[in-house]
Amino acid sequence: MTRAVIAGGAETRFSRTSDLADLQFMAQAIRLALEETGISKADVDGITFCANVLPDDSSYMAEHLGFSVRWTMKADYGGASSVLSVARAVEAVEAGRAEVVVCVGGGNRFDFTDLHHDAVSPPIDYAHRSFVLPYGYGGPNMQMALLQRRHMELYGTTLEQLGKIATTFRRHAQLNDNALLRGDMTLQDYLDSPLIADPIRKFDCVMRCAGAVAVIVTSEEYAKRLAKPPVYIGAYQEQHSYGANDMSPDKLETGFVAFRDKLFERIPREEMDFLQLYDDYPIAIVAQLEDLGFCKRGEGGKFIEDTDISIWGDLPINTSGGILSIGQPRLGGGYIPLIEAMRQVRGEAGPRQIKDAKTGLVSGIGLMSYLSNLVITCGMIVGKEPFE
Amino acid sequence: MTRPTPKTVPWDRDFWANAERGVLSAQRCDDCGRLQHYPKPVCSECLGANIRFEALSGRGEVYSFTTVRRPELPEFEAEAPYTVVDVLLDEGIRFLSRLADEQDAPGLKLGDKLTTVFKPVGDGTKHLPYFVKVRD
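Visitor: Sorry, what's going on with the overall build of chain B here?
Guide: Assigned secondary structure in chain B consists of one helix and eight strands. For chain B, the N- to C-terminal ordering of α and β elements is α-β-β-β-β-β-β-β-β. By the compact-globule yardstick of 14 Å for 136 residues, chain B fits well, its C-alpha radius of gyration being 16 Å. Judged by the C-alpha coordinates and their principal axes, chain B covers about 45 × 40 × 25 Å. Evaluated residue by residue, chain B yields a buried proportion of 39% over its 136 residues.

Visitor: Help me understand the packing of helix α6 (residues 159-173) of chain A against helix α10 (residues 282-291) of chain A, please; the structure alone is not making it clear to me.
Guide: Geometry of a packed helix pair, given as the angle between the helix axes and the separation of the axes. All names here are of chain A. One way to put it is that α6 packs onto α10 with a least axis distance of 9 Å and a crossing angle of 105°. One way to sum up the angle between α6 and α10 is to call them roughly perpendicular. Where α6 approaches α10, its residues Leu162, Ile165 and Ala166 are matched on the opposing element by Pro282, Ile283 and Ile285.

Visitor: So what exactly am I meant to see when it comes to helix α3 (residues 81-94) of chain A here?
Guide: Owing to its 3.6 residues per turn, the α-helix brings residues three or four apart onto one side. Residues and elements named next belong to chain A. Here α3 spans 20 Å end to end across 14 residues, near enough to the 20 Å set by a 1.5 Å rise per residue. In terms of burial, α3 is a largely internal element, 11 of the 14 residues being buried. Among the residues of α3, those classed as buried are Ser81, Ser82, Val83, Leu84, Ser85, Val86, Ala87, Ala89, Val90, Ala92 and Val93. Where α3 terminates, the next one or two residues include Gly96, which has phi positive at roughly 80°.

Visitor: Is there a simple way to explain the interface of chain A and chain B in this structure?
Guide: Counting residues at the interface gives 30 residues for chain A, matched by 37 residues for chain B. Within the residue set of the side of chain A that touches chain B, elements represented by two or more residues are α4 (126-131), α5 (140-155) and β5 (195-198) of chain A. A per-element tally of the side of chain A that touches chain B places α5 of chain A first, with seven residues. The class makeup of the residues in the side of chain A that touches chain B is 17 nonpolar, seven polar and six charged. In the sheet, β5 of chain A pairs with strand β4 (residues 59-68) of chain B via two bridges, with the strands oriented antiparallel. Counted as the bridge partner of Ala197 of chain A is Val68 of chain B from β4 of chain B.

Visitor: Just to check I follow, could you spell out the environment of Asn141 of chain A for this structure?
Guide: Inspection of the secondary structure puts Asn141 of chain A in helix α5. The class of Asn141 of chain A is buried, set by 23 C-beta atoms lying within 10 Å. Sequence separation between Asn141 of chain A and Asp204 of chain A is 63 residues; the distance between their C-alpha atoms is 8.6 Å. Here Asn141 of chain A is in contact with Ile196, Ala197, Ile200 and Cys205 of chain A together with Glu72 of chain B, once residues within four sequence places are set aside.

Visitor: Is there a simple way to explain the sheet that holds strand β3 (residues 51-55) of chain B in this structure?
Guide: Pairing between the strands of a sheet is mediated by backbone hydrogen bonds and can be parallel or antiparallel. All names here are of chain B. The three strands lie next to each other as β2-β1-β3, forming an open sheet whose pairing is antiparallel. With one partner strand each, in any of the chains shown, β2 (35-36) and β3 form the two edges of the open sheet. Here strand β1 (residues 25-29) pairs with β2 via two bridges, running antiparallel. Pairing of Arg28 across the sheet is with Leu35, part of β2.

Visitor: In this structure, what is going on with the confidence of the model for chain B? I would like to understand it.
Guide: Reading fine detail from the predicted coordinates is not recommended where pLDDT is low. When the pLDDT values of chain B are averaged, the result is 95; 99% of them are 70 or greater. Across the interfaces of the predicted complex, the ipTM metric reaches 0.92, alongside a pTM of 0.96.

Visitor: What exactly am I supposed to notice about the nonpolar core here?
Guide: In a soluble, globular protein the nonpolar side chains are often hidden away together inside. Residues and elements named next belong to chain A. In terms of nonpolar packing, the biggest core is built from 150 residues, with Val101, Ala214, Val215 and Val217 touching the most fellow members. The element contributing the most residues to this core is α3, with eight residues. In this structure Val101 touches Gly46, Ile47, Thr48, Trp71, Ala89, Ala92, Val93, Ile216 and Val217, once residues within four positions along its chain are discounted.

Visitor: Would you explain the domain arrangement of chain B in this entry?
Guide: Interfaces are often described in size by the accessible area the parts lose on coming together. Residue and element names in this part refer to chain B. With domains assigned, chain B is organised as domain 1 (10-56) and domain 2 (57-136). Distance between the C-alpha centres of domain 1 and domain 2: 21 Å. Contacts between the two partners involve 10 residues from domain 1 and, on the opposite side, 11 residues from domain 2. Residue assignment for the side of domain 1 that touches domain 2 shows that the elements contributing at least two residues are α1 (13-20) and β2. Counting residues per element, the side of domain 1 that touches domain 2 draws most heavily on α1, at three residues. Across the side of domain 1 that touches domain 2, the residue classes tally to six nonpolar, three polar and one charged.

Visitor: Please clarify how the sheet that holds strand β9 (residues 274-276) of chain A should be interpreted in this entry.
Guide: All names here are of chain A. Reading across from one edge, β8-β11-β10-β9 is the order of the four strands in this open sheet, with mixed pairing throughout. Taken across any chain shown, the strands that pair with only one partner, and hence form the sheet edges, are β8 (232-240) and β9. Shown here is a sheet whose adjacent strand axes are inclined to one another by a mean of 15°, direction ignored. Sheet contacts for helix α13 (residues 335-346): β9, β10 (359-368) and β11 (374-383); angle to β10, the most-contacted strand, approximately 175°.

Visitor: Explain the environment of Ser363 of chain A to me, please; I cannot follow it from the model alone.
Guide: Residues and elements named next belong to chain A. Its place among the elements puts Ser363 in strand β10. Judged by C-beta crowding, with 25 C-beta atoms within 10 Å, Ser363 ranks as buried. Each C-alpha atom, one on Ser363 and one on Ala51, is 19 Å from the other, the two residues being 312 residues apart in sequence. Those residues in contact with Ser363 that lie beyond four places of it in its chain are Leu277, Tyr278, Gln288, Pro337, Cys378 and Gly379.

What counts as what
Residues numbered from 1 in each chain as written. Chains lettered and ligands numbered in written order. Predicted model: local features only at pLDDT ≥ 70, side-chain atom pairs only at ≥ 80, totals over all residues. Helix = DSSP H or I, 4+ residues; strand = E, 2+ residues; numbered from the N terminus. Rg over C-alpha atoms; globule rule 2.2 N^0.38 Å. Buried ≥ 20, exposed ≤ 12 C-beta atoms within 10 Å, placed from the backbone. Axes fitted to C-alpha atoms, helices over the stretch in contact; angles between N-to-C directions. Parallel < 35°, antiparallel > 145°, perpendicular 65-115°, else oblique. Contact = placed C-beta atoms within 7 Å. Expected span 1.5 Å × (residues − 1). Nonpolar A, V, L, I, M, F, W, Y, C, P; charged D, E, K, R; others polar. Pairing = 2+ DSSP bridges. pLDDT = per-residue confidence, 0-100. Core = buried A, V, L, I, M, F, W, Y, C linked by C-beta atoms within 7 Å. Domains from an automatic or database assignment.

This is the structure:
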């Protein structure tokens, strides 16, 4: 059977503001990824776009960028779109439907509507339109606030524990010249940052930015011709709408619970040299550590307090600064953890390099549900060597 | 920008009609007995279409809450701060809403008892359920 691998990937420079349109950003990222891997554009026979507000269908987007391909997909899975589209590309390659698939996402800032010309605001879903937005509710800040409030009240999770996550990632970002937020952040700065939707404060919130990222998936056979070593995929799992059929779902239990045993079945947690987790909020890191089984339910705050999660520590998390300090380039944000995992296992992370990094976990989370929490959760184990 | 208001769809018509009369209701499936909110086109347990709206007590307790200081939508800025509540209704189903009176917000905690009141929104034809604290 054909084995799919990650051939490589690259990101554009990230910025607070830009004049470029979404597809221009994506084109830039694709070009950089082709250069990084040495793959010719003519060899690309599959493409996925992470785009929820572009009205164009995926085959038309391929046409706009001049890709005549055998396979396309538009990923509309919120923040999980990136990792999930790589997983879909892997399936396409292994099924023989394509051999070289470009996965791309990103764009200009969502709030610069005049640049998207005919973009449409994401319709989200019926429940949000009629039963969320009319209250002035909605948006991830408030949705995460409901989750964090309950976690703090039930388990005594502290702002200091959450602040440790934000400040550690900031230290990592200071070693990444493409991170937009590199200024010093002390725990006191975190605690003093203004309340947005309490207990969520400003330094809990991911910052929107402009930029794009592209990752290329191909067959192991094709990757042998390339200059750089591929990244191998050891396991992948995803879950959608966890708890969807419960009319009072547990706000603190996420879809990771549904697949964690399968995800770590062959490659146990203990083999992870690092975690690159989707981090739009520190509380999202706590929830993932608990539900992925790195600690018990309710003990995520304590786990953070007791663990050195820095590059130099016991369990390095988000070694490039995370989306929290880099910025969130629309649905391309989910590629940031994957690109960093790739650099770590290839030994290309420079001053951020973890000693002897061989295997790590990348996660994706996306969208928020009416009552529970994350609508989409996914996890992918990647490594330097082929997994048997 | 106009403030978002609920738009009636075929399957939630009775929810809004009941709300106009000051009654909080949720869908009951006649096939399997399930009670569900938000309104759905079918019963999300058995996928049956024999669903009707049933009056609820309108009473419940705080499951979680947040006081919003920086609204996502600019249309709500003038109202901030306001408190969004995730309510566990006595019937065992949850309902997202907002405190009707911000004076209930200081000292609010999980488990506090709440009851429904209705406020007209948009052009005044839609009545949206809000919650107030039940004083002992």
